[in-house]
Amino acid sequence: MHDDIRNAHAQQQRRVRSQVGSSDAYAFFNLLTGPELFDKVESLLPVHRERLFPPTETLSMFLAQALSADRSCQKAVDEAAIKRLAAGLAPCSTNTGAYCGARMRLPMEMVSALAGYVGQWVTAHAPDAWHWRGHAVRLVDGTTLGMPDTPANQAAYPQPRSQKPGLGFPLCRMVGLVCLGSGALLNAAIGHYRGKGGDEQSLLRSILDTLERGDLLLGDAFYATYFLLCTLRERGIDAVFEQHGSRQRTTDFRRGQRLGARDHLIVLPKPLIKPDWMSQADYEQAPQSLTVRELRTGGKTLVTTLTCSKHTSTAALKSLYRSRWHIELDLRNVKTTLGMEQLSCQTPEMVIKEIWVYLLAYNLIRLMMAQAALLAHQLPRQLSFKHTVQIWIAWTQHANRIDRDDKLYGLFVLIAQQHVANRPGRIEPRALKRRHKPYPMLTKPRAIMREYVREHGHPKKLK
């Protein structure tokens with residue numbers, strides 16, 4: 001068995017080496033060091049004076065923070081100072097003020113545009129084998145992100161009402177569009193955790209232009225609404241969603257045009273009540289009815305605009321909807337593996353910029369995974385995201401000592417070695433085995449409890 005594994009790795013290395021030698025055949029290859037990415041960065045650069053931390057250097061350091069376990073500005077500045085010494089330059093100050101100011105001057109549009117450019121470039125050059133039945137599948141889902149409890153953040157992104165003042169953290173909501181084939185993030189919308197315009201539907205509508213005619217959108221039950229399905233149909237975009245809970249309870253497969261067991265076409269009437277977010281003119285222009293397909297498979301009721309059961313079977317839709325889980329893993333990668341779950345910037349403007357830096361870092365990792373997968377004749381979803389992050393961090397520390405001709409070959413070989421396990425239908429309880437330290441929960445603002453401890457000592461219980 002060990003001989004088989006060694007032979008497989010040797011064959012994989014030979015495939016990668018041969019493709020590296022003829023890299024012109026692949027559009028992905030060398031994008032990280034090729035002219036396309038540099039030209040895009042140059043086109044987005046603002047007018048700036050020569051400083052210790054120019055925009056390109058600042059963005060590079062910001063990205064390094066996103067990929068580091070220690071995300072402090074002090075560590076970023078210390079590493080920059082050491083690099084200057086190693087390059088034979090004069091020592092510079094390790095004070096973080098200049099770097100923090102440079103981060104504030106870094107244009108938001110530059111970071112967000114670059115993140116979107118990398119993701120869309122990867123998906124635009126994805127081979128047909130990464131698509132599903134000729135469709136480029138796009139995944140959509142939302143998540144929440146916490147940020148430091150500062151007055152500015154609380155004013156822009158208030159904490160949930162269920163938390164007492166002074167005890168909670170500001171939250172924002174993010175909705176992302178991800179390519180199923182490559183895992184790259186195409187676009188994202190960021191809004192309030194609660195209130196008008198902060199729901200997942202509204203955030204998705206703000207980035208619908210990212211989708212192209214012929215795409216297939218895959219999402220959970222939050223998105224199975226009449227008006228969104230109408231909008232997608234007008235744009236030539238197909239959809240597969242889990243049926244909304246309220247309608248799922250009343251689904252009757254004896255009605256409509258029967259396509260098979262628990263599979264039918266049904267005509268949905270336009271809702272009588274106009275949604276708050278919708279203008280009266282748009283409501284009146286919406287079609288009076290919409291024909292969709294409902295089917296029961298895999299313990300779920302799905303609604304889709306793929307109405308032909310001959311071309312798209314129930315089994316095919318069941319398998320496709322299972323792949324929706326990939327976006328949950330993608331969000332976990334960017335939040336947990338990269339550390340975006342708890343942001344660190346103190347102002348709303350910097351918080352949004354920090355999010356886009358994380359998304360840019362995520363897409364750059366996905367770009368490397370796509371290159372490694374293509375050269376090794378694999379699928380990007382077969383490779384490990386966390387392994388690629390670890391390889392890239394180690395690579396940046398030692399790349400100068402590696403022979404130039406073998407750099408890219410060795411990098412892609414290492415990335416392609418680790419595969420993620422295929423565990424269909426995996427179920428895990430949402431519970432922790434390891435106990436945390438038995439500290440009581442904070443029930444009053446920290447400043448008040450600090451005074452209490454000074455006067456009375458640490459209480460056994462916090463009331």
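Please refer to the structure higher up on the page.
What comes next is a walk through the structure. Source: prediction; values computed, not measured.

### Here we look at the side chain of S323
- Along the chain, the position of S323 falls in the loop between α12 (314-322) and α13 (325-337).
- Given the relative accessible area of 15%, S323 is considered buried.
- In this structure S323 touches L139, L180 and L218, once residues within four positions along its chain are discounted.

### Considering the packing of helix α3 (residues 55-66) against helix α5 (residues 97-105)
- As a packed pair, α3 and α5 sit with axes 10 Å apart at the nearest point and diverge in direction by 100°. Accordingly, the angle class assigned to the pair α3 and α5 is roughly perpendicular. Of the residues in α5, those in contact with T58, M61, F62 and Q65 of α3 are Y99, A102 and R103.
- In the contact of α3 with α5, the residues fall into four nonpolar, two polar and one charged.

### Topic: helix α15 (residues 385-398)
- Look at α15: 20 Å from first C-alpha to last across 14 residues, which is about the 20 Å you get at 1.5 Å a residue.
- Its side-chain oxygen at 3.1 Å from the backbone nitrogen of H387, S384 defines the N-terminal cap of α15.

### Points about the nonpolar core
- Core analysis: the biggest nonpolar cluster contains 81 residues, and V240, L320, L338, M340, I355 and L359 have the highest contact counts within it.
- When residues in this core are grouped by element, the largest group, 21 residues, is from helix α14 (residues 348-375).
- Not counting chain neighbours up to four residues away, the residues in contact with I355 comprise L145, C172, M174, I190, M340 and L343.
- With 30 residues, the next largest nonpolar core counts L177, L186, I207 and L290 among its residues.

### As for the packing of aromatic side chains
- Going through the model one piece at a time under the given rule, you end up with six aromatic pairs.
- Considering the side-chain rings of F53 and Y99, the 5.7 Å spacing of their centres and the 65° angle between planes classify their relative orientation as edge-to-face. Of the two residues, F53 sits in the loop between α2 (35-44) and α3 while Y99 sits in helix α5, which places them 46 residues apart along the sequence.
- For the ring pair Y223 and F241, a centre distance of 6.2 Å and an interplane angle of 40° mean the geometry is tilted. Of this pair, Y223 sits in the loop between β4 (216-219) and α9 (226-234) while F241 sits in strand β5 (residues 238-242), and the two are 18 residues apart along the sequence. There is no split in this pair, since Y223 and F241 are both buried.
- Each member of the aromatic cluster is reached from another via a ring pair, and the members are Y226, F227, W277 and Y283.
- Over the face of the ring belonging to F62 we find R103, whose NZ or CZ atom lies 4.4 Å from the ring centre.
- The aromatic ring of Y283 is capped on one face by K270, whose charged end is 4.4 Å from the ring centroid.

### With respect to the sheet that holds strand β1 (residues 137-146)
- The strand order across the open sheet built from nine strands is β3-β2-β1-β4-β5-β9-β8-β7-β6, with neighbouring strands paired in mixed fashion. Whereas interior strands pair on both sides, the edge strands pair on one side only; in this sheet they are β3 (185-192) and β6 (257-260). Each neighbouring strand pair of the sheet contributes to a mean axis angle of 25°, computed without reference to strand direction.
- Across five bridges, the pairing between strand β8 (residues 289-297) and strand β9 (residues 300-304) is antiparallel. Looking at β9, one finds that E294 is bridged to V303.

### Some points on the pattern of salt bridges
- Within the structure shown, the criterion is met by 11 salt bridges.
- Here D215 and R138 are joined by a salt bridge, their closest N and O atoms 3.7 Å apart. You can see D215 sitting in the loop between α8 (200-205) and β4 and its partner R138 sitting in strand β1, a full 77 residues away along the chain. You'll find D215 and R138 in the same group, each marked buried.
- Note that R381 and D330 form a salt bridge whose closest N and O atoms lie 2.8 Å from each other. Separated by 51 residues along the polypeptide, R381 in the loop between α14 and α15 and D330 in helix α13 bring together distant segments of the chain. Across the pair, exposure class does not vary: R381 and D330 are buried alike.
- Through salt bridges with shared partners, a single network forms among D141, R324 and E328.

Reading guide: rules and limits
Residues numbered from 1 in each chain as written. Predicted model: local features only at pLDDT ≥ 70, side-chain atom pairs only at ≥ 80, totals over all residues. Heavy atoms only, no water. Helix = DSSP H or I, 4+ residues; strand = E, 2+ residues; numbered from the N terminus. Buried < 20%, exposed > 50% of the residue type's maximum accessible area, 1.4 Å probe, protein only. Contact = heavy atoms within 4.5 Å. Axes fitted to C-alpha atoms, helices over the stretch in contact; angles between N-to-C directions. Parallel < 35°, antiparallel > 145°, perpendicular 65-115°, else oblique. Nonpolar A, V, L, I, M, F, W, Y, C, P; charged D, E, K, R; others polar. Expected span 1.5 Å × (residues − 1). Polar contact = N/O pair within 3.5 Å; in protein donor to acceptor, adjacent residues only side chain to side chain. Core = buried A, V, L, I, M, F, W, Y, C linked by side-chain atoms within 4.5 Å. Phe/Tyr/Trp six-rings, centres within 6.5 Å; stacked < 30°, edge-to-face > 60°. Lys NZ or Arg CZ within 6 Å of the ring centre and 35° of its normal. Pairing = 2+ DSSP bridges. Salt bridge = Lys/Arg side-chain N within 4 Å of Asp/Glu carboxyl O.

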